[in-house]
Amino acid sequence: TFINNIPYEKERRMLLMNGEFVNYLKKVFIKAILHFFWLFPLNEKKITLLNELSYTFGDSLKYFDIYLHNLSNKEYKIVFPIKEGSPTSVYSDDVIVVPGSFRYFKEIITSGIIITNAGGVSYLPKRKKQRIISTWHGGGPYKKTSTDVYNNYWYKKQAEMNSNNTDFILSSCEYFSAFEAKSMGYKPEEIIRSGLPRNDILFIDHGSIKKKVRKYYAIPDNAKFILFAPTFRSKKYEFSDMSVVKNYIELDPDMLVSTLEEKHHCKWVCGIRLHPKLANIDMSKLNVINCTDYPDMQELLCCADAVISDYSSLIWDYSFTYRPIFLYAPDIRQYEEEGRGFYMPSSDWPYPIAHNNEEMRKIILEYDEDKYIQRVKEHHKASGSFENGNACEILLKLIEQH
């Protein structure tokens, strides 16, 4: 926010350049120090599941842990770094460590396999027999990322450090492989056509999860549930000012619910899930369920009868339920043409887009289920989707082969 408020573009670029240079030096320094943990022997049957985005029991790491525990011949020791105060693993045999602690570094640097969902393992002194795999944390052909967004020499050096440290990255679709994984520095042979492990749950019956979430929020049996979950914004043409974010969620929930009830002739309730960094925004005056603190996004998606978002990768995940997705994106033109941008133009997406409350009401009333489902299927084909509900199986085979 401080950098964005500096009036001159040249000065902003210099500060960003210097900041990335400092980050690069920090990673080189930390990597050198962490070689100390090479004194401890490597356990090739130990897997560290690293949810770098939140250090919680979640995302694809959670679902791969569940998959491993459902095997009849589980032979791996699982380490799951989870920050203090967060809901922990459901498995008593998982080793839970506090991120950044001595034991954390000891466990991760002695693990034969490290599986991460982000790009932050560049600081690890990788050992010869270690394998590092990235599940990444978003699928589909949407927001540009990495060096396609940040044209900064020292940022690119960090991206290079990370890709050189990572053996494989899981891909959700051909678009991800061709553009996003490439922008992060991965070679074609390092990109695995698998889909995301967290999405496997969407391909099987998830009625029990739906009941769990509805019970948690006391959603009436006769009501349907719509979830509004916008992506986080922090850079140019992304919302970094809290007052702007508050204005953004002025998507009128009362209008939304009444329009859905008019369209479907049944009761609806609305939930809002903001990025964890925006958890302090007060929603008490809105007639909504605050879902921001719920620990698992995929469970909310299993529960939702419809979703509203903008550019979040959750739209890719949820599209495999073939339930309605509506986009509320008042800034989409600036975002696409002048800001971060997309790999696939938003005009090619199958989801109806609204720029204001009036347009949102219109696209809900005009929603045609059969046409929508057909567009989503065509979108999956055009994107070259790899999602088939077997990503965890592919990931395990990859581990066993290497």
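Everything here concerns the structure above.
What you see is a predicted model, and the numbers here were worked out from it, not measured in a lab.

(A) Examining the sheet that holds strand 10 (residues 289–290) more closely. Sheet architecture is open: six strands sit in the order 10-9-8-11-12-13, paired in parallel fashion. Looking at strand neighbours, the two that pair on one side only are strand 10 and strand 13 (353–354), the edges of this open sheet. The sheet contact formed by strand 11 (residues 306–309) and strand 12 (residues 325–328) spans three bridges and is parallel. Pairing of Ser309 across the sheet is with Leu327, part of strand 12.

(B) Structural view of helix 13 (residues 369–383). Helix length check: helix 13, at 15 residues, gives a terminal C-alpha distance of 21 Å against a target of 21 Å (1.5 Å per residue), a fit within 8%. Among the residues making up helix 13, those that are buried are Tyr372, Val376, His379, His380 and Ser383. In a view along the axis of helix 13, the buried residues occupy a sector of 100°, so they form one face of it. Counted as exposed and oriented over 90 degrees from the buried face of helix 13: Asp370, Lys371, Lys381 and Ala382. In the core, the buried residues of helix 13 are packed alongside helix 5 (174–183), helix 10 (314–319) and strand 12. Sitting at the head of helix 13, Asp368 places a side-chain oxygen 3.2 Å from the backbone nitrogen of Asp370.

(C) Just the pairing of strand 12, in detail. With burial as the criterion, each face of strand 12 is covered, one bearing Ile325 and Leu327 and the other bearing Phe326 and Tyr328. In this fold, strand 11 hands off to helix 10, which returns the chain to strand 12; that crossover is right-handed. Looking at chain direction, strand 12 and strand 13 are connected through two bridges and run parallel. Opposite Tyr328, over in strand 13, you have Ala354 as the bridge partner.

(D) Seen up close, the pairing of strand 2 (residues 77–81). A large share of strand 2 lies buried, amounting to four of its five residues. Inspection of the sheet shows strand 1 (residues 43–50) paired to strand 2 by three bridges, in the parallel sense. Across the sheet, residue Lys46 finds its bridge partner in strand 2, namely Lys77. What joins strand 1 to strand 2 is helix 2 (residues 59–69), and the crossover it makes is right-handed. Here strand 2 runs beside strand 3 (residues 95–97); their pairing, made up of three bridges, is parallel. What sits directly across from Phe80, in strand 3, is Ile96.

(E) Quick peek at the packing of helix 2 against helix 14 (residues 391–401). Two numbers describe how helix 2 lies on helix 14: the axes approach to 10 Å, and their chain directions differ by 75°. One way to sum up the angle between helix 2 and helix 14 is to call them roughly perpendicular. For the pair formed by helix 2 and helix 14, the contact residues are Tyr63, Phe64, Tyr67 and Leu68 on the first element and Cys392, Glu393, Leu395, Leu396 and Ile399 on the second. Grouping the constituent residues of the contact of helix 2 with helix 14 by class yields eight nonpolar, no polar and one charged.

Here is what the cut-offs are and how they apply
Here the residue numbers are simple positions, counted from 1 along each chain's written sequence. With the structure being a predicted model, the display of local features is reserved for residues of pLDDT at least 70 and the display and counting of side-chain atom pairs for 80 or more, all residues being used for whole-chain, interface and lining totals. The basis for every side-chain value is the complete set of non-hydrogen atoms in the structure, without hydrogens or water. Here, a strand pair is defined by DSSP locating no fewer than two bridges between the strands. Here a strand is any run of E in DSSP of at least two residues, a helix any run of H or I of at least four, and the numbering for each starts at the N terminus. Multiply 1.5 Å by the residue count of a helix minus one, and that product is the helix's expected span. When accessible area is computed with a 1.4 Å probe and restricted to protein chains, residues below 20% of their type maximum are described as buried, those above 50% as exposed, and intermediate ones as partly exposed. Taken from the helix axis, the directions to the C-beta atoms give the arc we talk about. Contacts: residue pairs with any heavy atoms within 4.5 Å of one another. Polar contact criterion, stated in full: a pair of N or O atoms within 3.5 Å, where within protein one must be able to donate a hydrogen and the other to accept it, and residues adjacent in sequence count only if both atoms are side-chain atoms. Seen with its strands pointing away from the viewer, a crossover is right-handed when the path leading from the first strand over the helix to the second is clockwise. Under this scheme, a helix contributes an axis fitted over its contacting stretch, all axes are lines through C-alpha atoms, and angles between N-to-C directions fall in the 0 to 180 degree range. Roughly parallel covers angles under 35 degrees, roughly antiparallel covers those over 145, roughly perpendicular covers 65 to 115, and oblique covers all other angles. Charged residues are taken to be Asp, Glu, Lys and Arg, nonpolar residues to be Ala, Val, Leu, Ile, Met, Phe, Trp, Tyr, Cys and Pro, and polar residues to be all remaining types, Gly included.

These figures capture arrangement, not role.
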